[in-house]
Structures are given as C-alpha cells and as structure tokens.
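One-letter residues, chain by chain:
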Amino acid sequence: MAEMRGVVGEFDKERMLNTNLPAAGKARHLLRHRTEAGFQIPFNFNLMWQPRRAAALQAYILKYESALPEGGWPSWVLGNHDQKRIASRVGPRQALVAMLILLALRGTPTLYYG
C-alpha cells in the first residue's frame, strides 16, 4: 500500500488512491489515515448489500465505525458500475430513504450516477 501511495504521490498531489474495503474488520489495516502509507478512500461497498432493516443497518454501521482506527474517516457506497442503480434495486421511494441515510452518515458518501 505504501509503495502504491508513493507512486500516486509522485505524479500529482491532487490524485487519490482508492480500493474496495472487503469487510469492517479489515478497516483498521486499510484505513491508516494521517499517514503516507494508507489509502485515502477505501470504498466500503458493504452498505449496499446490508438488509434494509433498521436494526441490521444500525448494527453494521456501528461495527464498521468501531473498526476504524483513531482518526479514521469512513466511506459509504450505495452503488457502482457493477450493480443495478439503487432505485432499480429497492424502488424509487426506498431509494430516497437509502440516499438520506447515506448523506446523514459521518464520512464520504458515494452514489454511482452513470
């Protein structure tokens, strides 16, 4: 990770390095923020696959947040180019609810628009 971050940094300080964050338990390893060795934004795709029930979402969000290292910044993703759009997956009304949750969470929200 440190070597890849170094290569990106050589070309342009405005560029960022991102990757998929495979599980909340690996957040501490991949999210070494405030150092030159970590990824700036490990995408957390796991939110889009959680059951759409309040208790399940709350449990997942708390687990992910507790796995972050001190000073870590979470990322939340509701869609990408490999998945159907959120409205196609859950319907237009539930998509609005999902996007409200996404924007209310602490961290960087990502919603694929393509």
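Residues numbered from 1 in each chain as written. Predicted model: local features only at pLDDT ≥ 70, side-chain atom pairs only at ≥ 80, totals over all residues. Heavy atoms only, no water.

### Observations concerning helix α3 (residues 54–67)
Right, so step 1: Taking 1.5 Å of rise per residue, 14 residues should cover 20 Å, and α3 covers 20 Å from first to last C-alpha, within 8% of that figure.
Right, so step 2: All of the buried residues along α3 are Ala56, Leu57, Tyr60, Ile61, Tyr64 and Ala67. Buried residues of α3 fall within an arc of 130° about the axis and therefore sit on the same side. Structural note: α3 exposes Ala54, Ala55, Gln58, Leu62 and Ser66 on the side pointing more than 90 degrees away from its buried face. (Helix = DSSP H or I, 4+ residues; strand = E, 2+ residues; numbered from the N terminus. Expected span 1.5 Å × (residues − 1). Buried < 20%, exposed > 50% of the residue type's maximum accessible area, 1.4 Å probe, protein only. Arc of directions from axis to C-beta.)

### Topic: the confidence of the model for the protein
Predicted coordinates in regions of low pLDDT should not be interpreted in detail.
Right, so step 1: With 73% of its residues at a pLDDT of at least 70, the protein reaches an overall mean of 79.
Right, so step 2: Within the protein, the lowest mean pLDDT, 57, falls on helix α2 (residues 27–30), and the highest, 93, falls on helix α5 (residues 92–104). (pLDDT = per-residue confidence, 0-100.)

### Section: the side chain of Asn80
Right, so step 1: Tracing the backbone through its elements, the reader meets Asn80 in the loop between β3 (75–77) and α4 (86–90).
Right, so step 2: There is a polar contact of 2.9 Å between the side chain of Asn80 and the backbone nitrogen of Asp82.
Right, so step 3: For Asn80, the side chain forms a polar contact with the main-chain nitrogen of Gln83, separated by 3.2 Å.
Right, so step 4: When sequence neighbours within four positions are dropped, the list of residues in contact with Asn80 reads Phe45, Met48 and Tyr112. (Polar contact = N/O pair within 3.5 Å; in protein donor to acceptor, adjacent residues only side chain to side chain. Contact = heavy atoms within 4.5 Å.)

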